[in-house]
Amino acid sequence: VKAVICVEGNIASGKTTCLEYFSKTSSIEVLTEPISKWRDVRGHNPLALMYQDPQRWGITLQTYVQLTMLDRHLSAVAAPVRMMERSLFSAKYIFVENLFRSGKMPEVDYAVLSEWFDWITANICIPVDLIVYLQTSPQTCHERLKQRCREEEKVIPLEYLESIHQLYEEWLIRRSSWPVPAPVLVIPADHNLQRMLHQYEENRAKILAASL
Ligand SMILES: Nc1ncnc2c1ncn2[C@@H]1O[C@H](COP(=O)(O)OP(=O)(O)O)[C@@H](O)[C@H]1O
Ligand SMILES: Nc1ccn([C@H]2C[C@H](O)[C@@H](COP(=O)(O)O)O2)c(=O)n1
């Protein structure tokens, strides 16, 4: 039986580090976010453009994110358990929603992206068996983001991470915004690396149970 687990969380919450840890397990295949594509589509960098001028380029990046995430979801599974970074769902419910709600995406762009998303989810089966939510404070993410130092992300202020955090909490904890496509395992993720790895080990059985 194959299982799909999506690891969700704010920017720089530790998703890649978590996936790297579980990639050492032979029964688990790991799919990271296709961020290299978002930074280079035929020589263009829609991620950088979006941060420079979200009004103009938000829909460009998010259209491409939707395509590349759909491609990830539909790619052939090669191991009993698949762990992937984020999902088609968080792309829409968190990032598109954030652009729209903060007034940085014109209503017509939001409408077109929503039509695409609704069509995809109505016509294509996107199986998700478990969501692992790495729950952090926006302050922790801000520090980790500065330390990681991705060129495009230097303009991200704490308030941006606070908005993303609120949207995640509404979606996965308060469950007041959008449908949650699978059970949610919440892992508090403000701790140091050693403690995080310990927590991942403690949660291993629960995570792998998704494949039973
Ligand atoms: N528990 C932790 N404590 C301190 N720093 C961490 C921890 N986990 C990850 N980091 C560092 O924080 C940055 C963001 O982590 P990363 O795994 O890339 O997050 P994400 O994939 O969610 O954006 C990286 O520089 C990483 O080395
Ligand atoms: N739908 C999306 C998904 C991601 N992004 C941005 C946010 C970050 O700058 C980057 C992903 O980095 P991570 O959270 O994995 O460290 O891509 C977006 O704007 N829209």
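A short tour of the structure in this document, coming up. (Residues numbered from 1 in each chain as written. Chains lettered and ligands numbered in written order. Predicted model: local features only at pLDDT ≥ 70, side-chain atom pairs only at ≥ 80, totals over all residues. Heavy atoms only, no water.)

1. Let's talk about the pairing of strand β1 (residues 3–9)
Moving on, step 1. Of all seven residues making up β1, seven are buried, and the element is well covered by its neighbours.
Moving on, step 2. The alternating pattern of β1 places A3, I5, V7 and G9 and V4, C6 and E8 on opposite faces, both of which are buried.
Moving on, step 3. Examined bridge by bridge, β1 and strand β3 (residues 81–85) share five bridges and lie parallel to one another. Bridging across to β3, V7 finds its partner in E85.
Moving on, step 4. With five bridges connecting them, β1 and strand β4 (residues 130–135) associate as parallel partners. Within β4, the residue paired with G9 across the bridge is L134. (Buried < 20%, exposed > 50% of the residue type's maximum accessible area, 1.4 Å probe, protein only. Helix = DSSP H or I, 4+ residues; strand = E, 2+ residues; numbered from the N terminus. Pairing = 2+ DSSP bridges.)

2. Focus on the pattern of salt bridges
Moving on, step 1. Under the definition given, this model contains nine salt bridges.
Moving on, step 2. For the salt bridge of E97 with R101, the shortest nitrogen-to-oxygen distance reads 3.4 Å. On the criterion of helical spacing, the pair formed by E97 and R101 is a turn pair, its members being four residues apart in helix α5 (residues 88–101).
Moving on, step 3. Here E151 and K154 are joined by a salt bridge, their closest N and O atoms 2.9 Å apart. (Salt bridge = Lys/Arg side-chain N within 4 Å of Asp/Glu carboxyl O.)

3. Section: the site of ligand 2
Moving on, step 1. Taken together, 19 residues are adjacent to ligand 2, and E33, Y51, Q62, R86 and E153 come closest.
Moving on, step 2. At 2.9 Å, a side-chain N or O of Q62 approaches a nitrogen atom of ligand 2.
Moving on, step 3. E153 places a side-chain nitrogen or oxygen 2.5 Å from an oxygen atom of ligand 2.
Moving on, step 4. Compared with its free state, where it exposes 460 Å², ligand 2 has 98% of that area covered by protein.
Moving on, step 5. For the shell around ligand 2, the elements supplying multiple residues, two or more each, are α2 (35–39), α3 (46–52), α4 (54–74) and α5.
Moving on, step 6. Considered class by class, the residues forming the shell around ligand 2 number 11 nonpolar, one polar and seven charged. (Near = heavy atom within 4 Å. Polar contact = N/O pair within 3.5 Å; in protein donor to acceptor, adjacent residues only side chain to side chain. Areas by Shrake-Rupley, 256 points an atom, 1.4 Å probe, with all protein chains shown as cover. Nonpolar A, V, L, I, M, F, W, Y, C, P; charged D, E, K, R; others polar.)

4. Examining the site of ligand 1
Moving on, step 1. In the vicinity of ligand 1 lie 15 residues, with K15, T16, T17, R148 and H191 positioned nearest.
Moving on, step 2. For ligand 1, an oxygen atom lies 2.9 Å from a polar atom in the backbone of G14.
Moving on, step 3. Protein chains bury 79% of the 560 Å² of accessible surface belonging to ligand 1 in isolation.
Moving on, step 4. Along the lines of polarity and charge, the residues of the shell around ligand 1 split into three nonpolar, eight polar and four charged.

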